[in-house]
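These are the residues of each chain, in order.
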Amino acid sequence: MNAGANDAPAPTRSSERIFLIAMDAERGAETLFLLRLLRWMREAGVQMEVLLWRRGPLLEEMRELCTVRVVDDLSDWWVDRFLRAVGLGVVGKRIKGQRMRWWMRRAAHQFPRALVLGVPAARALRYATKPLPAVLQLPAEERPWDERVTPEEWAMILGRCAGFIVPDDSARSWLVAGQGVDAERVRVQRGFLPAIPAPGESEVKGVEELGLPEDALVVCGTGTDAWWRAPEPFVPVAWELCRRLPDANLHFVWLCHDMDEDALWPLRHDIANAGLQDRFHIVPATVLMDQFEASDLVLLTGRPDTFRLISAELRLSARPVVCFANGLTEVELGDAAVSVPYLDIEAAADAAAHLLSDPDAARELMARAVEQAGRTHELATDLPRWLLDSTAELLA
């Protein structure tokens, strides 16, 4: 039985080998980062294997690049289903734990090092019965004091990780001063938000593929069907903006993180009732930084949400931004965006119309975004190589 695995493509060249542990294959920032990292390593000939806790829509794309084992798949194993059916679920749970230990022992035997992406994923290290030299990398939007991880789990993670790669000095101080981690074991790589194109491969931008007219002014929004990132406020702002700029060829793009049509029905209903069918486009959110760059303005209509990762990607893409002052987003973006009163539809439309009509005001806003991004993030194209080298050096 080989539950949760797939047939891996043969590596092409290079003797580098690394085992990666992550949470899931959902279409989120961390998973897209991992997918692009895998593409880069595949092209570079790095031998790799991935352990995920959960499945997701990007799983098959990952499995085209390397072997991917998924903890959730163990629950679909016929042995586990049978044991649960006869009331022996506890026995099945123990067997799944043994399978996890076997996976980790196999990884320790085949790979000289492991890179763990995110604190919650690091809980897999408790199944390592044989030493597996590991480095924990924290993405930009994650802090080490993750509330999903218990103090006992943190003690295990701190004991089993030989090194840490963190996004800023506050995370480094928390580890060194607060947890007693040797400063030599911690490295800072600000941001972790650069694009990581696979060599010779261009990223799909989505917005540019819509075939819009050359004179189109493109306004982007992004979110999910969850209340705090829902698209409902985006549609009335779009309608008001059309009233303010009647002669402009306005087009609105919603970068959607979940293309489930049942979840999108309310949005399509609002678009139709507002008469915006010919101007409104719903496309999958892929690489947000690239998609933002293909727009003329970004409109963040989220409710209480920091949009930390999206805010950072906006600064790096240097687009003019209008957002609601929800107590979090405007603080995150600072003077790199125009914030308007919370859920003030007309004020948001006024601000957007001003930026689309006044190129100088838009350029000034974009210049502040670039300057702010330079203080907090690095746009390094060699990040995959840096990650591999840093992991090796921390484990040396």
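Values in this document were obtained by computation on a predicted structure and should not be read as measured data.

Visitor: Just give me the short version of the overall build of the chain, but keep the residues and values in it.
Guide: Looking only at helices and strands, the chain has 14 helices and 13 strands in total. Sorting the 396 residues of the chain into buried and exposed places 52% on the buried side. Across the chain, every contact between residues at least 6 apart in sequence was considered, and the portion connecting residues at least 24 apart equals 69%. Accessible area for the chain stands at about 17,600 Å²; split by element, carbon and sulfur atoms hold 50% of it.

Visitor: Give me the lowdown on helix α8 (residues 261–273), citing residues and values where you can.
Guide: Compared with the 18 Å implied by 1.5 Å per residue over 13 residues, the 18 Å span of α8 between its first and last C-alpha is a close match. Most pronounced at L267, the bend in α8 amounts to some 30°. The complete set of buried residues in α8 reads L264, L267 and I271. Where α8 is buried, its residues contact α7 (234–244), β9 (250–256) and β10 (280–284).

Visitor: Requested: an account of the sheet that holds strand β7 (residues 186–188), with residues and values cited.
Guide: Reading across from one edge, β3-β2-β1-β4-β5-β6-β7 is the order of the seven strands in this open sheet, with parallel pairing throughout. Each of the sheet's edge strands pairs with one partner strand only, and the pair in question is β3 (67–70) and β7. The average undirected angle you get between the axes of adjacent strands in this sheet is 20°. Of the strands in this sheet, β5 (134–137) and β6 (161–166) touch helix α5 (residues 151–160), which is tilted by about 100° from β6. Helix-sheet contacts for helix α6 (residues 169–179) involve β6 and β7, and the interaxial angle to β7 is about 170°.

Visitor: Can you tell me about the pairing of β3, naming the residues and giving the values?
Guide: Every second residue of β3 is oriented toward a common face, with T67 and R69 on one face and V68 and V70 on the other, all of them buried. As paired strands, strand β2 (residues 47–52) and β3 are joined by four bridges and run parallel to one another. Residue E49 lies in a different strand from β3, and its bridge partner there is T67.

Visitor: Can you break down the nonpolar core residue by residue, with the values?
Guide: The biggest cluster of nonpolar side chains holds 38 residues, and the ones touching the most others in it are L136 and F164. Secondary structure elements with two or more residues in this core: β1 (17–22), α4 (89–110), β4 (114–117), β5, α5, β6 and α6. Those residues in contact with F164 that sit more than four places away from it in its chain are V135, L136, W154, L158, L175, V181, R185, V186, R187 and L394. If you look at the next biggest cluster of nonpolar residues, it comprises 33 residues, including A238, W254, L299 and A348.

Procedures and definitions
Residues numbered from 1 in each chain as written. Predicted model: local features only at pLDDT ≥ 70, side-chain atom pairs only at ≥ 80, totals over all residues. Heavy atoms only, no water. Helix = DSSP H or I, 4+ residues; strand = E, 2+ residues; numbered from the N terminus. Buried < 20%, exposed > 50% of the residue type's maximum accessible area, 1.4 Å probe, protein only. Contact = heavy atoms within 4.5 Å. Areas by Shrake-Rupley, 256 points an atom, 1.4 Å probe, with all protein chains shown as cover. Expected span 1.5 Å × (residues − 1). Bend = angle between axes of the 7 residues up to and from the residue. Pairing = 2+ DSSP bridges. Axes fitted to C-alpha atoms, helices over the stretch in contact; angles between N-to-C directions. Core = buried A, V, L, I, M, F, W, Y, C linked by side-chain atoms within 4.5 Å.

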